[in-house]
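# Notes for the structure review
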Amino acid sequence: AQAPELTAARRRDGGGWEVVCVRYGKLAGTTVTPPGADPMPAIAAMRASAEAVPRPCPPAPATHPEETELVLRWLETPGTRLVDLSEPSLPWTCPVGGAGRARAELDPMARHWGEVEPFADAGVARPLSQPPGALAG
């Protein structure tokens, strides 16, 4: 959300690249390149024609946070490569013990949080009120 422009690419199954331009956390442009073609001219054209996104009031992204989260998930997909970051002084980092790791562990469990779990001692069912393993407050 702080980067004025970030360009990333991911190889497509049939060859070629899927390329995105992200400005301040908002998907500003996208293109695909044909198999075997040099992707750089298509990337330059996409960047030139991408949506102009004004700088938002930090720390908010330039769009709805859910869109920024979807873009981030795409960027974090294995095989995605960073093509260009317009402001190299901005670090693009993912801490080893950060939220991405916790999300990878919690997402599969989240599907079951609304399910009913029997009380071991009373023999009755109740919905889970918090994620498994969370500390009681």
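Everything that follows concerns the structure shown earlier in this document.
### Remarks on the pairing of strand S3 (residues 26-32)
- As judged from the 6 bridges shared by strand S2 (residues 17-23) and S3, these two strands associate in the antiparallel manner. Opposite Val19, over in S3, you have Thr31 as the bridge partner.

### Thoughts on the pattern of salt bridges
- Applying the stated criterion across every chain, the model contains 6 salt bridges.
- Residue Arg23 pairs with Glu5 through a salt bridge whose shortest N-O separation is 2.7 Å. Here Glu5 lies in the segment before strand S1 (6-11) and Arg23 lies in strand S2, a separation of 18 residues in the sequence.
- Assessed through its relative accessible area of 12%, Arg23 is described here as buried.
- Judged by its relative accessible area of 10%, Glu5 is buried.

### Looking at the side chain of Arg23
- At 3.4 Å, the side chain of Arg23 and the backbone oxygen of Ala50 are in polar contact.
- Those residues in contact with Arg23 that sit more than four places away from it in its chain are Ala3, Pro4, Glu5, Ala28, Arg47, Ala50, Glu51, Ala52, Val53 and Ala62.

### Regarding helix H2 (residues 65-75)
- Regarding H2, the residues found buried are Thr68, Val71, Trp74 and Leu75. The buried residues of H2 occupy an angular sector of 120° when the element is viewed end-on, so they sit on one face. Exposed residues on H2 whose side chains face more than 90 degrees from its buried face are Pro65, Glu66 and Leu70.
- Along its buried surface, H2 packs onto S1, S2, S3 and strand S4 (80-85).

### Structural notes on the sheet that holds S1
- Taken in spatial order, the 4 strands make up an open sheet running S3-S2-S1-S4, and their pairing is antiparallel. Each edge of the open sheet carries a strand with a single partner, namely S3 and S4. Across the sheet, the mean angle from the axis of one strand to that of its neighbour is 20°, orientation sign disregarded.
- Bridge count for S1 against S4 is 5 bridges, and the pairing is antiparallel. Residue pairing for S4: Thr7 is matched across the bridge by Asp84.
- Strands in contact with helix H1 (residues 39-49) are S1, S2, S3 and S4; relative to S2, the strand with the most contacts, it is inclined by about 30°.

### Considerations on H1
- Burial in H1 covers these residues: Pro39, Ile43 and Met46. For H1, the buried positions fall inside an angular range of 65° around the axis, keeping them on one side. Among the exposed residues of H1, those oriented more than 90 degrees off its buried face are Pro41, Ala48 and Ser49.
- Contacts from the buried residues of H1 go to S1, S2, S3 and S4.

Rules used throughout
Residues numbered from 1 in each chain as written. Predicted model: local features only at pLDDT ≥ 70, side-chain atom pairs only at ≥ 80, totals over all residues. Heavy atoms only, no water. Pairing = 2+ DSSP bridges. Helix = DSSP H or I, 4+ residues; strand = E, 2+ residues; numbered from the N terminus. Salt bridge = Lys/Arg side-chain N within 4 Å of Asp/Glu carboxyl O. Buried < 20%, exposed > 50% of the residue type's maximum accessible area, 1.4 Å probe, protein only. Polar contact = N/O pair within 3.5 Å; in protein donor to acceptor, adjacent residues only side chain to side chain. Contact = heavy atoms within 4.5 Å. Arc of directions from axis to C-beta. Axes fitted to C-alpha atoms, helices over the stretch in contact; angles between N-to-C directions.

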